[in-house]
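Structural description and commentary
Each chain is listed here by its residues.
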Amino acid sequence: MPLDPMPAVMPQPVLGPPPAPRAPHPERWTLPNGLRVIAAHRPGLPQLVIRLTLPAGSVADPPALPGTASLVSSLLTEGTQRLSADELNARLDMLGAAVHASVGHDFTDVEGIFLSDTLAEGIALFAEIVTRPAFPADETERVRAEALDALVARLDEPANVADDRTTLEAFGPEHPYALPSFGTPEGIAAVTREEMAAFHALHYQPRGAFVVVAGDYEPAELRASLETAFADWQGDVPLPVYPPVPPAPRAAGRTVLVPWEDAAQSEIRVAGIGLDRHSPDWIAAGVTNYILGGSTITGRLGANLREDKGWTYGARSAFSAGLAPGGWAAETAVDVEVTAGAVREILAEMRRMTEEPVPEAELRRAKDALVLSLPRAFETPGRIASRLATLEAYDLPRDYWETFPAQVEKVTADDVLRLAREHFDPARVVTVVVGAGIEG
């Protein structure tokens with residue numbers, strides 16, 4: 001049988017809209033002591049994540065003792081008033097559980113991972129860790145020494161020096177966002193056990209804090225376990241006070257050079273003042289940033305410095321979330337010989353964002369990338385807890401994640417141009433270079 005010389009060609013499929021995210025719809029209630037609870041039941045993997053968030057980040061550090069919040073959080077799992085450090089960690093091991101704490105500028109988060117079969121015992125132990133730490137003398141000094149060693153070691157890396165100097169230049173020495181959330185060597189060395197205990201007594205309180213639970217649990221057992229475990233915990237968390245954020249970095253429009261002996265590469269940062277996480281422009285700003293540097297490869301910075309010039313492995317930029325206006329920063333590392341050229345190209349790409357409307361196809365790619373990455377944000381109990389904590393911490397609408405694609409879709413080229421002019425104007429940012437190859 002002769003073959004058909006013109007085989008049928010199927011029409012090319014037409015891409016539909018990105019699928020809507022399937023964000024969980026958690027239960028919400030408040031314990032008698034004022035602790036808010038957000039619980040997302042996700043049956044399947046017999047595990048649950050419990051995450052307690054307190055407005056006790058480094059902003060709450062005593063001014064003369066930066067690092068207090070960080071040390072307090074590190075010592076939570078070093079013994080309670082009932083259990084030594086060894087006994088506590090043996091208990092966690094027996095339960096197949098893990099607890100760790102982290103401190104940002106605005107919040108302290110304590111997260112526990114437990115098996116569903118040991119929910120009641122796990123939550124009781126979690127509450128004991130959070131509410132009744134012992135700050136034992138030997139463990140306190142060991143943790144302090146480890147923290148100081150880590151701070152010394154991190155300053156051997158030019159990237160860390162660049163990060164620290166950039167936030168200082170962006171916010172100025174008077175703002176708490178200028179310092180790393182883990183504090184300074186001087187503050188960590190000086191804070192006493194009594195001052196740590198006083199910080200805990202003042203800031204680790206239920207009214208003003210919230211707990212998120214995500215995973216496989218029996219709802220009635222969860223409610224009863226939380227009420228029992230936290231029944232004796234009483235008090236109000238004082239809200240931190242934020243000084244005004246400067247309108248622009250003190251060295252805006254200039255380059256700050258931090259020479260690095262025998263540097264083979266230069267760490268480059270370009271930074272300015274961003275916006276607070278509750279801003280109605282947050283999503284549009286995210287789209288705007290994605291076009292410039294949200295992707296290390298397809299963003300304009302990456303396409304220029306990495307794909308076109310071959311000067312770097314990656315260049316990226318991001319806004320930082322905060323209760324007060326956070327920062328915005330672009331970063332990359334290049335050989336010292338091309339440092340000056342890389343700075344010029346970064347600023348040129350930023351300037352182009354402020355002068356030319358973004359082409360529709362490029363805007364489309366940025367929107368699709370942001371929306372299509374969203375389902376991954378709800379893949380695990382830990383990620384669910386993190387996303388729900390973001391809503392609660394920044395008082396965002398409860399349907400924020402469901403409406404996220406529609407809000408992204410509303411962003412126009414005019415929005416991008418306006419936000420680029422507000423945040424990417426080279427005259428309103430500071431450039432920090434740690435390395436060589438450029439004049440300060």
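For the structure, see preceding data.
Being a predicted model, the structure only gives us computed values, none of them experimental. (Residues numbered from 1 in each chain as written. Predicted model: local features only at pLDDT ≥ 70, side-chain atom pairs only at ≥ 80, totals over all residues. Heavy atoms only, no water.)

Side note on the sheet that holds strand β4 (residues 98-103)
Neighbouring strands of a sheet are bound in pairs by backbone hydrogen bonds; such pairs are parallel or else antiparallel. Put simply, the test is: Any two strands with at least two DSSP-identified bridges between them are counted as paired. For the purposes of this entry, the term helix denotes a DSSP run of H or I that reaches at least four residues, the term strand denotes a run of E that reaches at least two, and both are numbered from the N terminus. Geometry is summarised by axes, namely lines fitted to C-alpha atoms with helices restricted to the contacting stretch, and by angles between N-to-C directions that run from 0 to 180 degrees. The contact criterion used is simple: two residues touch if any of their non-hydrogen atoms lie within 4.5 Å.
The sheet built from 6 strands is open, its strands ordered β1-β2-β6-β3-β5-β4 with mixed pairing. Both outer strands of the open sheet, β1 (27-30) and β4, are each paired with one neighbouring strand and no more. The average angle at which neighbouring strand axes cross in this sheet is 15°, direction not considered. Along the sheet, helix α3 (residues 119-131) contacts β3 (47-54), β4 and β5 (108-115); its crossing angle with β5, the most-contacted strand, is approximately 155°.

Comments concerning the pairing of strand β10 (residues 327-335)
Bridge analysis of strand β8 (residues 265-273) against β10 gives 9 bridges, and the strand direction is antiparallel. Bridge pairing links V270 to A330 in β10. Here strand β9 (residues 315-319) pairs with β10 via 5 bridges, running antiparallel. When the bridges of β10 are listed, A315 appears paired with T332.

Here we look at the sheet that holds β10
Taken together, the 5 strands give an open sheet; going across it, the order is β7-β11-β8-β10-β9, and neighbouring strands pair in mixed fashion. The two strands at the open ends of the sheet, each matched to only one other strand, are β7 (255-259) and β9. Across the sheet, the mean angle separating the axes of adjacent strands is 15° when strand polarity is ignored. Contacting β7, β8, β10 and β11 (430-435), helix α5 (residues 158-171) crosses the sheet at an angle of about 25° to β8.

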